[in-house]
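# Structure at a glance
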Amino acid sequence: MAVHAFLQRNAKSHQRGKESSHCLDDFPDAKWYQTTEEFMAEKEIELVVVATGHDSRADLAVDALNGGKHVVVEKCFTLSSAEADRCLAAQKKSGKVLTVFQNRRYESDFRTLSHIVNHPDKPLGQITECEIHYDVDSPAWAMGNKSTEHSPGGGMMFGIGCHTMDQALALFGRPAFVTGFYRALRGIKSKEDDTFTLILQYSGVQENLVVTVKTTVINKMPQPLKYFIRGYNGTYIKYGEDPQEGQTGKGMTPADPGYGVESTEIHGILTSNKQFHEDQMKVTGWAGDNEMYHGKFPSLKGSYLEYYEDVVNAIRGEAPVAIKPELSRDGLRIIELGRESAELGKTLPMD
């Protein structure tokens, strides 16, 4: 892949390296357009990456699809499920690839969880409950938010919940019912949530499954809880974060050894009736009447790079779209229902 052109309204900066830096500072050989019409008319562009603010993404994605271009949209996709539906209709009409940058699916922790859940040996057995967390500890960017009213695209349920909800949908599919709770723990009364809980209930063969998606800004722990999942045959619990974001901030690239590799200190703990990995040791359960296998399960390597490899494979017709936009649309709808559920104080059916 090669960067061919940018759509950036701002004039070129005269001071290199400032926060308002221009696209040509880093990509001097790229073309630069200041209007949507000129940019979309550029015939050499195959793939458009929409990385603007929430309120402009739907229009730009539709324009690009109507212009015969493949499209990647930054998460959360759009401001609403209705806007997402408009993008999906444009994609169907164009026949081009439309996908969402759900990079958290390519992190070490989720890749490991997905491997365990989807493995043909089913070490957890039939899953009965799963908690998916994205917790932070009093970050300045959240605690300094003085908004008292909710605005479209605002709050942690939308900003962070779109990641964790996508993971829930990728693992278990659409729920039957949604129950939501939200709070503001940053010291003010506000309808702009910084802490939330979404409870997903399922039906049919998954009728005994409950999935909880959570974020809190009050989290005094050495490592944040990430996943807690259990079934009839086993349990998996995981603390800590994928290292790629921090490594990128330190200047590492996917080409560097160790990029995306977790420290063994934060590998998850797997307990199962049968030995699934050689690091599991036989132990006796707390009641003293059953044996099981317990131990660390090595985390798979995280790789954001593979997201774009998957995009290229889909564009070339060599593989289906890995991150289906319909799932991101459903995630937005669940977030909408979660806020409505919290306001009404009742569980709502997934429509």
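Structural data are supplied above this passage.
Notes on the structure follow.

How each quantity is defined
- Residues numbered from 1 in each chain as written.
- Predicted model: local features only at pLDDT ≥ 70, side-chain atom pairs only at ≥ 80, totals over all residues.
- Heavy atoms only, no water.
- Helix = DSSP H or I, 4+ residues; strand = E, 2+ residues; numbered from the N terminus.
- Rg over C-alpha atoms; globule rule 2.2 N^0.38 Å.
- Buried < 20%, exposed > 50% of the residue type's maximum accessible area, 1.4 Å probe, protein only.
- Contact = heavy atoms within 4.5 Å.
- Areas by Shrake-Rupley, 256 points an atom, 1.4 Å probe, with all protein chains shown as cover.
- Lys, Arg positive; Asp, Glu negative; His and termini not counted.
- Charge placed at Lys NZ, Arg CZ, Asp CG, Glu CD.
- Salt bridge = Lys/Arg side-chain N within 4 Å of Asp/Glu carboxyl O.
- Arc of directions from axis to C-beta.
- Pairing = 2+ DSSP bridges.
- Phe/Tyr/Trp six-rings, centres within 6.5 Å; stacked < 30°, edge-to-face > 60°.

Scanning the protein chain from terminus to terminus reveals 11 helices and 15 strands. Against the 2.2 N^0.38 benchmark of 20 Å for 351 residues, the protein chain shows a C-alpha radius of gyration of 22 Å, consistent with a compact globule. Its C-alpha atoms give the protein chain principal-axis dimensions of roughly 70 × 50 × 40 Å. For the protein chain, with 351 residues in total, the buried portion stands at 48%. Within the protein chain, contacts between residues at least 6 apart in sequence are counted, and of these 67% link residues at least 24 apart. In the structure as shown, the protein chain presents an accessible area of about 17800 Å², 51% of it carried by carbon and sulfur atoms. Looking at the protein chain, you have 39 positive and 48 negative side-chain charges, and the mean spots of the two groups are 2 Å apart.

What follows is about the pattern of salt bridges. As enumerated under the stated definition, the model contains 19 salt bridges in all. Glu-107 is the partner of Arg-104 in a salt bridge, and the nearest nitrogen-oxygen pair spans 2.6 Å. Per residue, the accessibility class of Arg-104 equals that of Glu-107, and both read buried. For Lys-226, the salt bridge goes to Glu-241, with nearest N and O atoms at 3.1 Å. Of this pair, Lys-226 sits in strand 10 (residues 225-231) while Glu-241 sits in the loop between strand 11 (234-239) and helix 9 (244-249); the two residues are 15 residues apart in sequence, bridging distant segments of the chain.

This part is about helix 10 (residues 305-315). All buried positions along helix 10 are accounted for by Tyr-307, Val-311, Ala-314 and Ile-315. Summarising the axial view, the buried residues of helix 10 lie within an arc of 100°, below the 170-degree limit, and thus occupy one face. Residues of helix 10 that are buried make contact with strand 3 (47-50), strand 4 (70-74) and strand 5 (98-101). Immediately downstream of helix 10, the backbone of Gly-317 shows phi near 75°, a positive value.

Most of strand 12 (residues 268-272) sits out of view: four of its five residues are buried. In this structure, strand 11 lies alongside strand 12, joined through four bridges in antiparallel fashion. Across the sheet, residue Thr-235 finds its bridge partner in strand 12, namely Thr-271. Here strand 12 pairs with strand 14 (residues 291-297) via five bridges, running antiparallel. Of the residues in strand 14, the one forming a bridge with Ser-272 is Tyr-293.

Each pair of aromatic rings is reported with the distance of its centres and the angle of its planes. Evaluated as defined, the whole model comprises seven aromatic pairs. Here Phe-276 and Phe-297 contribute two aromatic rings whose centre-to-centre distance is 5.6 Å and whose plane-to-plane angle is 20°, an arrangement assigned as stacked. Linking Phe-276 in the loop between strand 12 and strand 13 (281-284) with Phe-297 in strand 14, this pair joins segments that are 21 residues apart in sequence. Accessibility classification places Phe-276 together with Phe-297 in one group, the buried group.

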